[in-house]
Structures are given as C-alpha cells and as structure tokens.
Amino acid sequence: MRQADDRQAFEARLRAIGAERYHDKHPFHHLLHSGGCNATQVRAWVVNRYYYQSRIPMKDAAFLSRCEDPWLRRVWRSRIEDHDGGGEEGGGIRRWLMLAQAVGLDPAYVASAKGVLPATRFAVDAYVAFVREKPLVEAVAASLTELFAPRIHSERIAGLLEHYAFANEDALSYFRRRLSEAPKDVALGLGFVLDHADTAEKQDAAAAALTFKTDVLWAQLDALYSAYVAPGRIPPGGWNGRDGVVAAGGEESDETAKTETVS
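Details of helix α1 (residues 7–21)
- The end-to-end C-alpha distance of α1 is 22 Å, a good match for the 21 Å that 15 residues give at a rise of 1.5 Å each.
- Along α1, the residues classified as buried are Phe 10, Leu 14, Ile 17 and Gly 18. Around the axis of α1, the buried residues are gathered within 95° of arc, so they sit on the same side. Turned more than 90 degrees away from the buried face of α1 sit Gln 8, Ala 19 and Glu 20, all of them exposed.
- In this structure, the buried residues of α1 make contact with α11 (173–196) and α12 (200–228).
- Where α1 begins, the capping side chain belongs to Asp 6, and its oxygen is found 3.2 Å from the backbone nitrogen of Gln 8.

Observations concerning unusual backbone geometry
- Look at the link from Ala 230 to Pro 231: it is a cis peptide, with omega at 5°.
- Positive phi, normally seen in glycine, also occurs at Ala 113, with a value near 65°.

Description of the packing of helix α3 (residues 39–65) against helix α8 (residues 118–133)
- Where α3 meets α8, the axes come as close as 9 Å, and the angle between the chain directions of the two elements is 10°. The orientation of α3 with respect to α8, classified from their angle, is roughly parallel. The chirality of how α3 crosses α8 is right-handed. Taking contact as the criterion, the partners of Asn 48, Tyr 51, Tyr 52, Arg 55, Lys 59, Ala 62 and Phe 63 in α3 are, on α8, Thr 120, Arg 121, Val 124, Asp 125, Tyr 127, Val 128, Val 131 and Arg 132.

Some points on the side chain of Arg 79
- Along the polypeptide, Arg 79 turns up in helix α5 (residues 78–84).
- For Arg 79, the contacting residues outside a window of four places in its chain are Lys 59, Asp 60, Ser 143, Glu 146, Asp 185 and Gly 189.

Some words on the packing of aromatic side chains
- Counted under the stated rule, the structure contains 10 aromatic pairs.
- Their ring planes at 15° and their centres at 4.6 Å tell us that Phe 130 and Phe 212 sit as a pair that is stacked. Highlighted residues: Phe 130 in helix α8 and Phe 212 in helix α12, separated in sequence by 82 residues.
- Overall, Phe 130 belongs to the buried group, its relative accessible area being 11%.
- For Phe 212, a relative accessible area of 24% puts it in the partly exposed group.
- Judged by centre distance (5.6 Å) and plane angle (40°), the rings of Tyr 164 and Phe 166 are tilted. In this structure, Tyr 164 and Phe 166 share a single accessibility class: buried.

Observations regarding the packing of α3 against α12
- The contact between α3 and α12 brings their axes to 10 Å, and the two run at 150°. Considering the relative orientation of α3 and α12, their crossing is right-handed. Residues Thr 40, Gln 41, Ala 44, Trp 45, Asn 48, Arg 49 and Tyr 52 of α3 touch α12, and the partners they reach there are Lys 213, Leu 217, Gln 220, Leu 224 and Tyr 228.
- Among the residues forming the contact of α3 with α12, the class breakdown is 6 nonpolar, 4 polar and 2 charged.

Parameters and conventions
- Residues numbered from 1 in each chain as written.
- Predicted model: local features only at pLDDT ≥ 70, side-chain atom pairs only at ≥ 80, totals over all residues.
- Heavy atoms only, no water.
- Helix = DSSP H or I, 4+ residues; strand = E, 2+ residues; numbered from the N terminus.
- Expected span 1.5 Å × (residues − 1).
- Buried < 20%, exposed > 50% of the residue type's maximum accessible area, 1.4 Å probe, protein only.
- Arc of directions from axis to C-beta.
- Contact = heavy atoms within 4.5 Å.
- Polar contact = N/O pair within 3.5 Å; in protein donor to acceptor, adjacent residues only side chain to side chain.
- Axes fitted to C-alpha atoms, helices over the stretch in contact; angles between N-to-C directions.
- Parallel < 35°, antiparallel > 145°, perpendicular 65-115°, else oblique.
- Left-handed = near helix turned anticlockwise from the far one by under 90°.
- Phe/Tyr/Trp six-rings, centres within 6.5 Å; stacked < 30°, edge-to-face > 60°.
- Nonpolar A, V, L, I, M, F, W, Y, C, P; charged D, E, K, R; others polar.

Read these as spatial facts, not as claims about activity.
Spelled out as structure tokens, the structure:
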C-alpha cells in the first residue's frame, strides 16, 4: 500500500475537488442568481431540485441501515430530521415546498415528482444507490459537497431577493436554515473521512466519491439547461411548463423576474 497523505494534505485535496468541480460554477446557477431566468426556468429548477431534496433523507436512512456504531447512528440521524422534520411541520422538504408555492406551483404536484427530467432522476437515484452500496467512508465522503454549500446558499439568497418578485424570507427559508445546519454536518462528515481514510487507497476512494457527488450535482444542472435554456429540448416525461402551475392565468410567466429574462 502507498503511504497516505497526512491529514492536512488530504483535507486540502478534498477541498480542491470542490474548488474545481462544485456546481456553483455551472451556467444555470449564474443565470438563476443574476436574475436571468424566466418563470418557467425557475419553476423547472424547483420541480427537479425537489427530487434531489426528497431523496436526501432516503440516502441517509440507507446509510444508517448499514452503520453498526450506535454513536454514529445517533449523530447521523439528525440529517433525516433536518430534511423530513416532525410529524406535522418543519423540515427542509416542507420548506422547499414553500418555495414551490411561492413560484406559482402546486406543492402537491411538485411532491408527486411528476415532470422530473430523466437525467435528474437517474443522477439522484445513482447517488442513493452509491450511499447504499459503497463502504461507509466513501458514502460519507460523497456528502462532503456540504463543504462548499454555504457560499452558494448565501449567493442564492442575495440573488433571488434582488432579482425575483417571488423571493421573500418565507420562500427562501430552506436556504437560510441550511446556513446553520450544514456546518454541523460538515464537521461530522469531514472528521469521519479524515479519521477513517487512513491509507492512500482509502483516500483515493474518498476523493473519487466526492468527485462522483459533484458529477451528480452538475448532471442535474446540465439536464435543466438543456431542457429549459438551450437548446430547449424537453425530453419525454419532462415538465412541460404548464402542469402544476397555479398562478392565475399563468401571469407570473412574465413577472417572476424583476430584471430582463431569458427566453
């Protein structure tokens, strides 16, 4: 076996993956955060991103089902609670549906996962399968895109508030909450990976897992851009821009953005 990098060098290697590959660099996010998306494009993002959000607690449950360490199970299960919430209220999934309602979508339609792009579904399901099947250190390493999430959430909050009529604190509560939730998840996940990837081979596998996760996120935005921006080719089964829209007369199609929109 090759000698493992020291802890500091290995962490720097993981962070470099995000610096190069995290989806904050994708053109769709630049378009969204700058106010360049029209209502259909914003709604398409909400519809498709919901599928990812809804599967996060499922992948965490899959992780817990294989975890034999009671301490790790206790601290990890807060991730499920963060997204699913309690029996009646709370949780990231419900907050995402508040965003869906704010952009003029029926939350029940969004929750049905109808209209999710095939590539979105494929990428997200691949992530859940990865966490279910891979060694625990690789499963945890795949979650470390959370290292890079606070910055994109902050940029998104500022950009949406500046450019879109639907944006208010209630609509954006998912992102506000993640600013405080993500750091504790990062501290746990990063510590676990740094502690347990104790050979060069395990470090290579952990780095590959994080790279895979950045690919999962990037693929979702590629699908959105292709279907709803350019060339604008919606695949069979993809959201058609009309189903689930509850804004009266579809008027928000021209009013969602405060600035010039992309056709």
